[in-house]
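As a plain string of letters, each chain reads:
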Amino acid sequence: RLELLRELARWVKRVASFNDPGGVNYQANLIEIRVGAKKLGFTLWDIEVRSREEIEKVLPSIRARTADAVFTPPESLITQFIELIAKHAISEKLPLITSLLANVKKGCLATYAADYFALGRQGAVLADKIFKGAKPSDLPIELPSKLKLVLNLKTAKAIGLKIPREILLRADEVIE
């Protein structure tokens, strides 16, 4: 997703990243974003939030002079208040890359994420094997088989970002 950010906005150097220390995947998300940011040469601003109040308190400090873009991981607290974060990012003309497809419809600029319908089909195939007698412990761990690139052109226009044609052509879904 950070690579997608690089493709969409080559000038980005500083990324504000929301994280919930109480989230189930906090450590894994934090490690992954730090590795990705370092690889791409981004300066990462880790913003720890544990409530709506903390999100509201930190939002005014996220401005074009302190960050070039915003990233949100797939954490329930962050997702619960994504519209608040997206509205602020749009007002500050900051690209907001998210981890969930549904968040792009709520104002985030883009994501590259698992297709939940395809995940459901994958899960059904595994459930069928279990119902037919396979032991769950004998089944291999599977990663998502289909990922989707989703772009929000309304958000892009609102922040003054022109989406490169080659990315538009790759998109699985474009929200206008």
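Scroll up to find the structure this text is about.
Residues numbered from 1 in each chain as written. Predicted model: local features only at pLDDT ≥ 70, side-chain atom pairs only at ≥ 80, totals over all residues. Heavy atoms only, no water.

### A closer look at helix H5 (residues 82-91)
In plain terms, the rule: Accessibility here uses a 1.4 Å probe with only protein chains present; expressed as a share of the type maximum, an area under 20% marks a residue as buried, one over 50% as exposed, and anything in between as partly exposed. Put simply, DSSP marks the helices as runs of H or I at least four residues long and the strands as runs of E at least two long, and each gets a number from the N terminus on. Arc definition: directions from the helix axis to the C-beta atoms.
Looking at H5, one finds that the buried residues are Ile82, Ile85, Ala86, His88 and Ala89. All buried residues of H5 project into a common sector of 165 degrees when viewed along the axis, lining one side. H5 presents Glu83, Lys87 and Ser91 as exposed residues on the side facing more than 90 degrees away from its buried surface. Immediately beyond the C-terminal end of H5, within one or two residues, lies Lys93, with a positive phi of roughly 60 degrees.

### With respect to the side chain of Arg6
Stated precisely, the cut-off is as follows: Positive charges come from Lys and Arg, negative ones from Asp and Glu, while His and the chain ends are left out of the count. The salt bridge criterion pairs a side-chain nitrogen of Lys or Arg with a carboxyl oxygen of Asp or Glu, the two atoms within 4 Å. Should any heavy atoms of two residues lie within 4.5 Å, those residues are considered in contact.
Within the secondary structure layout, Arg6 lies in helix H1 (residues 2-8). For the buried residue Arg6, which engages in no salt bridge, the nearest side chain bearing the opposite charge is Asp68, 8.1 Å off. Beyond its immediate chain neighbours, meaning those up to four positions away, Arg6 contacts Val12, Leu40 and Phe42.

### Some points on the nonpolar core
Spelled out, the test is: What makes a nonpolar core is a set of buried Ala, Val, Leu, Ile, Met, Phe, Trp, Tyr and Cys residues whose side-chain atoms join them at distances within 4.5 Å.
Judged by nonpolar contacts, the single largest core of 25 residues is most densely connected at Leu5, Leu8, Leu109, Leu151, Leu161 and Ile163. With residues up to four places along the chain from it excluded, the contact list for Ile163 reads Leu8, Leu109, Leu151, Leu153, Ala156 and Leu168. One finds Phe18, Leu77, Ala86 and Ala89 within the second-largest nonpolar core, a separate group that totals 20 residues.

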